[in-house]
Amino acid sequence: MQSERRTKKSCCRARTKICLLVSSGIFLLALGTVCFTQANRWIQSIINSQLVLKPSSPIYEQWRSPTVPVRTQFYMFNVENPLEVKQGGRPYVSQKGPYCYRVYQTKKNITWNKNSTVSYNRFTKYVFDAGCSCALCDPYTNTVTLPNIPLVILSEVSKTYPGSSVIFSIIFARFKEEFFKITTVDELLWGYKDPVFEFFAEIKRKYRLSFLPDIDAIFGMMDNNTLDGVTTTYTGASDINRAAVWTVWKGRPNVGLWNSSCANMLNGSDGMQFPPQTSTKDTLYAFFVQLCRSMRFVYGSQTTVHGVDTLRFTYPKELWQNASVNPANRGFCPNGCFPSGILDASVCKDTPVAVPAIVASEPHFYQGDPSLVSNVGGLDPIKEEHGTFFDIEPHFGLPLHLSLRLQLNVNIEPTKYILQTAGVKEVILPIMYFNNSVSVDASTASTMKQVLTAMKAVPWVSGTLICIGTIELVIAFGWILTKTRNEEKRRKERLHVNDERRPLIADGEFTRT
């Protein structure tokens, strides 16, 4: 009896262990499967919720007024052979710089709208930073020799207004204007009072020459302490993929300056935020105020920023192609199309008349028509130094490192009755280029890396849970199988023993005999 009781207790304990092992195995297998299929989605949904633009969002302060250092390096071109150029020779330029400026940007008059959009006006200020400039770079004393850009602009204006070239010629002669002018870097960048522009404005007012355009007496290549214009973007509350995407600029749902509806579209953000879960197959867009147009980016390569894996997006070569090569760009030719690599951004300037005197390109005419480089000595386009790129962490859609590079050029064409341009060959001559650069610090990258490490660990953790659960189930079923076999064996043995103890002749049979 005691032996049977012990056997029953042993069997009961064994069944309990088997039940626990099976339950644990099924639980771990299910948990691992759910973790493998859903955990990254949960983490991504948490990331997405933090990327929505709102006052309580973790990224709000960075969005409103970035503390991550934003710097602009200016490189100036100096014409080394001005006398030869005036006689029809090929210009040769040398590069000076970088003249580095810290950029401070703040979004003002922020208004949260009911349709999941936010309106604001971004203020931008440049402050010279000697620490990131070249050793001898002093914008207040360093000078450059370049074409007299106000003269070139007025020469272009004269083509629009018949007879005005005679007036301009008289003005140029009075002020003894030459085709080349020496200015300091600071004057060229931020402006100086040009005597010709000033006098032009005076005679226009004095003689009531209303047919002539208004021209500011201050001329400079860049603007400082300026506002971009009231901008409305999506917050991402209704669709995270549209967070920071522009929808209205200066009261318009489109640019309204170019020659086609496609060219006038407001596509993308300001380049500081892109859709999360960015992939190598995506095409990204960013709207640049300096050009009054949206720019397109495609995947180029994989990169790493402070140990965080990123995807590098760059301009496709089609973006800068002439309309004869890429008909889709015809809308960006307000004054006729230039060679590939040149964008006529004259319509972007707040002037009464748009003349193609200043045109944009990539630095050193990178990705431009080969003739642009061959027409100017001293240029050497290199992708790594002159291409624009965004290194984007794909899960967040945030650029960890970027370089936005743009070159400004003067379009020189001889003009009838303007003696200063006589003898000068047609050429698109570089004036300067700038590199807007942003790079997050190691601390910010480390915080992001912790979240990404958790996402990368999910497959391993899930696999471990699935393996442990599977092993437990195998052990449990093996145990059950072994126990079943042992019980069957013991049953057969008992039957065999009983057969051996049974008498060969039954008692009744012996008696009858």
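Quick caveat: nothing in here was measured; it's all calculated off a predicted structure. (Residues numbered from 1 in each chain as written. Predicted model: local features only at pLDDT ≥ 70, side-chain atom pairs only at ≥ 80, totals over all residues. Heavy atoms only, no water.)

A. Seen up close, the overall build of the protein chain. When helices and strands are tallied, the protein chain shows 11 helices and 17 strands. Counting over 513 residues, the protein chain shows a buried share of 47%. Sequence separation of 24 or more characterises 66% of the internal contacts of the protein chain that already satisfy a separation of 6 or more. As presented, the protein chain carries roughly 26,900 Å² of accessible surface, and 56% of it is formed by carbon and sulfur atoms. (Helix = DSSP H or I, 4+ residues; strand = E, 2+ residues; numbered from the N terminus. Buried < 20%, exposed > 50% of the residue type's maximum accessible area, 1.4 Å probe, protein only. Contact = heavy atoms within 4.5 Å. Areas by Shrake-Rupley, 256 points an atom, 1.4 Å probe, with all protein chains shown as cover.)

B. Representation of the side chain of arginine 293 in the model. Here arginine 293 shows up in strand 12 (residues 293-305). No salt bridge is formed by the buried arginine 293; the nearest opposite charge belongs to glutamate 362, separated by 10 Å. Beyond its immediate chain neighbours, meaning those up to four positions away, arginine 293 contacts Trp258, Ala286, Phe287, Phe288, Leu319, Phe332 and Leu343. (Lys, Arg positive; Asp, Glu negative; His and termini not counted. Salt bridge = Lys/Arg side-chain N within 4 Å of Asp/Glu carboxyl O.)

C. Representation of unusual backbone geometry. Proline 98 follows glycine 97 through a cis peptide bond whose omega is 10°. Positive phi is not limited to glycine here, since lysine 176 has a value of about 50°. If you trace the backbone, lysine 176 turns up in the loop between helix 5 (164-174) and strand 5 (180-184). Its identity is not glycine, yet asparagine 225 carries a phi of approximately 55°, on the positive side.

D. Geometry of the packing of helix 4 (residues 149-160) against helix 7 (residues 195-206). Axis separation between helix 4 and helix 7 bottoms out at 9 Å; the angle between their running directions is 40°. With respect to their mutual orientation, helix 4 and helix 7 come out oblique. Counted together, Pro150, Ile153 and Leu154 of helix 4 and Val196, Phe197 and Phe200 of helix 7 form the full contact between these two elements. Each residue belonging to the contact of helix 4 with helix 7 can be placed in one class, and the counts come to 6 nonpolar, no polar and no charged. (Axes fitted to C-alpha atoms, helices over the stretch in contact; angles between N-to-C directions. Parallel < 35°, antiparallel > 145°, perpendicular 65-115°, else oblique. Nonpolar A, V, L, I, M, F, W, Y, C, P; charged D, E, K, R; others polar.)

E. Structural context of the packing of helix 4 against helix 5. As a packed pair, helix 4 and helix 5 sit with axes 8 Å apart at the nearest point and diverge in direction by 160°. Regarding the angle of helix 4 to helix 5, the classification is roughly antiparallel. As for how helix 4 packs across helix 5, the hand of that crossing is left-handed. From helix 4, Leu151, Leu154, Ser155, Val157 and Ser158 reach across to helix 5, where they touch Ser164, Ser165, Phe168 and Phe172. The residue inventory of the contact of helix 4 with helix 5, partitioned by class, reads 5 nonpolar, 4 polar and no charged. (Left-handed = near helix turned anticlockwise from the far one by under 90°.)

F. Main features of empty space enclosed by the protein. Tallying each qualifying case throughout the model produces 3 cavities of 30 Å³ or more. Lining of the largest cavity is provided by 18 residues; of these, Gln321, Asn329, Phe332, Ile342 and Leu343 occupy positions nearest its centre. Residues belonging to the lining of the largest cavity are distributed by class as follows: 10 nonpolar, 6 polar and 2 charged. In terms of lining residues, the second largest cavity is bounded by Leu146, Pro147, Asn148, Ile149, Pro150, Lys181, Thr183, Leu188, Tyr192 and Phe219. If you list the elements that add at least two residues to the lining of the second largest cavity, you get strand 4 (143-147), helix 4 and strand 5. (1 Å grid on protein atoms, 1.4 Å probe; cavity = no way out; pocket = protein on both sides within 12 Å on 5 of 7 lines; lining within 4 Å. Points joined across faces, edges and corners; volume = space filled by probe spheres on them.)

G. Quick look at the state of the cysteines. What the rule picks out here adds up to 4 disulfides. Two residues share a disulfide in this structure: cysteine 100 and cysteine 132, whose sulfurs sit 2.0 Å from each other. Taking the sign of the S-S torsion, about -85° here, the bridge from cysteine 100 to cysteine 132 comes out left-handed. With cysteine 100 in strand 2 (residues 93-112) and cysteine 132 in the loop between strand 3 (117-128) and strand 4, this pair connects stretches of sequence that are 32 residues apart. (Disulfide = S-S within 2.5 Å.)

H. Expanded view of helix 7. With 12 residues, helix 7 extends 16 Å from end C-alpha to end C-alpha; this agrees with the ideal 16 Å at 1.5 Å per step. Among the residues of helix 7, Val196, Phe197, Phe199, Phe200, Ile203 and Lys204 are the ones counted as buried. Each buried residue of helix 7 sits inside an arc of 165° when the element is viewed along its axis, so together they form one side. Facing away from the buried surface of helix 7 by more than 90 degrees, the exposed residues are Arg205 and Lys206. Residues of helix 7 that are buried make contact with helix 4, helix 5 and strand 7 (218-219). At the N-terminal boundary of helix 7, the capping side chain belongs to aspartate 194, with an oxygen 3.1 Å from the backbone nitrogen of valine 196. Directly beyond the C-terminal end of helix 7, a positive phi value near 55° is found at arginine 208. (Expected span 1.5 Å × (residues − 1). Arc of directions from axis to C-beta. Polar contact = N/O pair within 3.5 Å; in protein donor to acceptor, adjacent residues only side chain to side chain.)

I. Molecular detail of a nonpolar patch on the surface. On the surface, a cluster of nonpolar side chains totalling about 320 Å² of accessible area is made up of Val166, Ile170 and Tyr417. With respect to the secondary-structure elements, valine 166 resides in helix 5. Accessibility expressed as a relative area gives 43% for valine 166, which makes it partly exposed. (Patch = residues over 30% accessible without salt bridge, like charges linked within 9 Å, V, L, I, M, F, W, Y side chains within 5 Å.)

J. Representation of the packing of aromatic side chains in the model. This model, assessed by the stated rule, comprises 28 aromatic pairs. Judged by centre distance (6.3 Å) and plane angle (55°), the rings of phenylalanine 74 and tyrosine 126 are tilted. Of this pair, phenylalanine 74 sits in strand 1 (residues 70-79) while tyrosine 126 sits in strand 3, and the two are 52 residues apart along the sequence. One residue, lysine 108, lies across the ring of phenylalanine 123, its end atom 5.5 Å from the ring centre. Between arginine 312 and the ring centre of phenylalanine 389, over which it is positioned, the NZ or CZ distance is 3.8 Å. (Phe/Tyr/Trp six-rings, centres within 6.5 Å; stacked < 30°, edge-to-face > 60°. Lys NZ or Arg CZ within 6 Å of the ring centre and 35° of its normal.)

K. Spotlight on the pairing of strand 2. Inspection of the sheet shows strand 1 paired to strand 2 by 9 bridges, in the antiparallel sense. By the bridge assignment, glutamine 73 is partnered in strand 2 with cysteine 100. Here strand 2 pairs with strand 3 via 10 bridges, running antiparallel. Bridge assignment links arginine 102 to a residue of strand 3, and that residue is valine 127. Taking the residues between adjacent antiparallel strands as the criterion, strand 2 and strand 3 are bridged by 4 residues, where serine 116 takes a positive phi near 60°. (Pairing = 2+ DSSP bridges.)

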